[in-house]
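# Summary of the model geometry
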Protein chains: 2
Amino acid sequence: MTDPRARGVLSGDPRAVARALRLVDDRRPGHLDLLKALWPSTGKAWILGVTGNPGAGKSTLTDRLIGAYRGRGQRVGVIAVDPSSPYTGGAILGDRIRMARHALDEGVFIRSLATRGHLGGVSRSTRDSVRVLDAAGFDVVIVETVGVGQDELAITRTAGSTLVVMAPGMGDEVQANKAGLLECADVFAVNKADRDGADAAVRDLEMMIALGAPAAGAWLPPIVKSVATLGQGVDEVVSALDRHRAWVQETPAGVERSRRRLGDEMRDALGEALIEAALGALAPSIDRAVKDVEDRVIDPYTATERLVASFRGADAEPAAPA
Amino acid sequence: MTDPRARGVLSGDPRAVARALRLVDDRRPGHLDLLKALWPSTGKAWILGVTGNPGAGKSTLTDRLIGAYRGRGQRVGVIAVDPSSPYTGGAILGDRIRMARHALDEGVFIRSLATRGHLGGVSRSTRDSVRVLDAAGFDVVIVETVGVGQDELAITRTAGSTLVVMAPGMGDEVQANKAGLLECADVFAVNKADRDGADAAVRDLEMMIALGAPAAGAWLPPIVKSVATLGQGVDEVVSALDRHRAWVQETPAGVERSRRRLGDEMRDALGEALIEAALGALAPSIDRAVKDVEDRVIDPYTATERLVASFRGADAEPAAPA
């Protein structure tokens, strides 16, 4: 362990942690060396995903969870994955500002991660950022993300437990999204439970869970009602998350799930590394292939096969024109 | 051209087209040969993406567009990308049923494509399905998808023109999503324009477009008000889409955009092909690497580097332990 950046992170120095997160997020030179150096010190934090539809109250509930974990003396890192771009920002940023009351608490570290429109890129940045905070000694690392699409939901696979936050009466907008949220939920919070329709929302979720015909030994996501703005139901959410953590760490099905997820993660990382290496090694050939396809000299499938073969160091077999 | 499946598709036989779409979607053996055989007959259809938030009226407007293009004597293929899973279905399917009135019209072919939770997989299936319908002689191929996440929005990159359907008064739920929709929109329809807030929604979009500081020569997405259920504004939407098609095909900026997108598409396809080849060639090594990472014998970054090196046919350099 001679990497001074790694030493700074391991000592928990907030400035070193912030620098390391930027290095990792921008994938600047040296970021892989840093991640390798930190790896032996990872694996101790509990990773908690918080997701749900916009407007459900994710940030407010996250803020309450930070308070609850701090009350136990645990250090909390937060990665807020922000789907904003130059065009938006306002609404989401406003929510996040509430979390800023923890800014002076050195047991809390909050980092916003901008999504970059690059498929898979967010998952990787999130995964690596989580590892930095894990190595820095945070006991709980919360990954907060809007649950609006497959890519966004994929982020929650990094988590040991995922809390899905819903609000009653959001209607049709939520329907299309429910399947994805159900698949990633370990605990449901029906937040804003002082609104009309909270009980109906709970029944609706119960029915959907039952419809999924869960296997024996499978984890059944508990449904907790909360009013995050008033702090109601927060203890119950925390306790449901604790039970899920015990299930993951202590039951064969839970351990098997972690193993399967690590495999998925490694395969994703392999895919990303292959693309990066190929784009680097084959740039001129790729440009030529694009031009040939554009000119309709070759079909894109044959062109791709030849690029793969040339990346593998073999010569592409000359294919007969279709 | 000896492939009988290709001949069936090229003749426009609906059963051959349906079979080809299944072959391509399931990526069964022979699907690449079929796609290669069809390639010379592609490139004639205009690909139209239709996206927007759930509840905005995408399917109803798509139904009206089908009617409008049929009125011009054009044949229309539709690929409805459906984010449903065993858990959902109802609401979305209901919307789609309205389109079924075209089911007896042999100038219309509608195909639902289920998303499979596999990152990137949907984009590829969509792209290949579009090519099948293009080769089958459809003049317009509409790709309808819920615009709720990066992966879903990526699908619209296949399209020559993308119509984004919004409805007034959807509020916060839509905010988080607007940036992505704005980036992919070539034409905006503010649908359900008989509701309160339609003019405000138009102004809001105008402001967002202006904020994006569009470059000279760039396409400025027109905003059209519509009430799809009553057929109002449909002609204006069609005419805005026609203007965009002319821009893409006839201006230097439009041609350059198509070239850039083809490049992106080829790079995506290359990435997918690399992953597929690597998962096939390296399965036992990957399993071993996952186990080693799980046992913390090696860090995942070094493990990935070694897998990439072994896929490229080189021996991995022995890395010093971190």
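Placed above this text is the structure.
This report concerns the structure included in the present document. None of the values given here were measured: they were computed from a predicted structure. One numbering rule holds for all chains: residues counted from 1, following each sequence as written. To label them, take the chains in the order written and letter them from A, then take the ligands in the order written and number them from 1. The model is predicted, so local features are restricted to residues of pLDDT at least 70 and side-chain atom pairs to those at 80 or more, both for listing and for counting; the totals for chains, interfaces and linings are taken over all residues. Remark: hydrogens and water are excluded; side-chain values derive from all non-hydrogen atoms of the structure.

This next bit is on the environment of Asp 292 of chain A. Think of it this way: any DSSP run of H or I at least four residues long counts as a helix, any run of E at least two long counts as a strand, and we number them from the N terminus. Relative to the assigned elements, Asp 292 of chain A resides in helix H11 (residues 252-294). Between the C-alpha atoms of Asp 292 of chain A and Ser 11 of chain A, which are 281 residues apart in sequence, the distance is 54 Å.

This part is about the packing of aromatic side chains. Between the rings of Phe, Tyr and Trp (Trp by its six-membered ring), a pair exists once the centres lie within 6.5 Å; its type follows the angle of the planes, with under 30 degrees stacked, over 60 edge-to-face, and the other angles tilted. Across all of its chains, the model carries five aromatic pairs over all chains by this definition. Judged by centre distance (6.2 Å) and plane angle (55 degrees), the rings of Phe 109 of chain A and Phe 138 of chain A are tilted. Note that Phe 109 of chain A is positioned in strand S3 (residues 108-114) and Phe 138 of chain A in the loop between helix H6 (121-135) and strand S4 (140-146), a separation of 29 residues in sequence. Grouping residues by exposure puts Phe 109 of chain A and Phe 138 of chain A together as buried. Measuring from ring centre to ring centre gives 5.9 Å for Trp 219 of chain B and Trp 247 of chain B, while their planes differ by 45 degrees; the resulting arrangement is tilted. Note that Trp 219 of chain B is positioned in the loop between helix H9 (198-211) and strand S7 (223-225) and Trp 247 of chain B in helix H10 (residues 234-250), a separation of 28 residues in sequence. Working rule: Lys NZ or Arg CZ, within 6 Å of ring centre, within 35 degrees of ring normal, means a charge sits over the ring. One Lys or Arg, Arg 75 of chain A, reaches over the ring of Phe 138 of chain A and ends 4.3 Å from the middle of that ring. For the cation-ring pair, Arg 296 of chain B lies above Trp 39 of chain A, with the distance from its terminal atom to the ring centre recorded as 4.3 Å. Exposure classes here rest on a 1.4 Å probe applied to the protein chains alone. A residue is buried below 20% of its type maximum, exposed above 50%, and partly exposed in between.

Moving on to the packing of helix H2 (residues 14-25) of chain A against helix H3 (residues 31-38) of chain A. Residues and elements named next belong to chain A. Here an angle of 0 to 180 degrees is reported between the N-to-C directions of two axes, which are lines fitted to C-alpha atoms, with helices fitted over the stretch in contact. Running from N to C, H2 and H3 cross one another at 125 degrees; their axes reach a closest spacing of 9 Å. By the angle class used here, H2 and H3 are oblique. At the point where H2 passes H3, the crossing takes the left-handed sense. Residues Ala 20, Leu 23 and Val 24 of H2 lie in contact with H3, whose contacting residues are His 31, Leu 34 and Leu 35. Each residue is assigned to one of three groups, with Ala, Val, Leu, Ile, Met, Phe, Trp, Tyr, Cys and Pro labelled nonpolar, Asp, Glu, Lys and Arg labelled charged, and all others, Gly among them, labelled polar. Tallied by class, residues from the contact of H2 with H3 come to five nonpolar, one polar and no charged. Small angles under 35 degrees read as roughly parallel and large ones over 145 as roughly antiparallel, with 65 to 115 read as roughly perpendicular and the rest as oblique. Helix crossings fall into two classes, left-handed where the near helix is turned counterclockwise from the far one by less than a right angle and right-handed where it is turned clockwise. Between two residues, a contact is recorded if the distance between any of their heavy atoms is within 4.5 Å.

This paragraph deals with the nonpolar core. We define a nonpolar core as any set of buried Ala, Val, Leu, Ile, Met, Phe, Trp, Tyr and Cys residues linked to one another through side-chain atoms lying within 4.5 Å. If you look at the biggest cluster of nonpolar residues, it comprises 32 residues, and the most contacted ones within it are Leu 274 of chain A together with Leu 274 of chain B. Only H11 and helix H12 (300-311) of chain A together with helix H11 (252-294) and helix H12 (300-311) of chain B provide two or more residues apiece to this core. With sequence-adjacent residues up to four places away left out, Leu 274 of chain B is seen in contact with Leu 274, Ile 275, Ala 278, Val 308 and Phe 311 of chain A together with Phe 311 of chain B.

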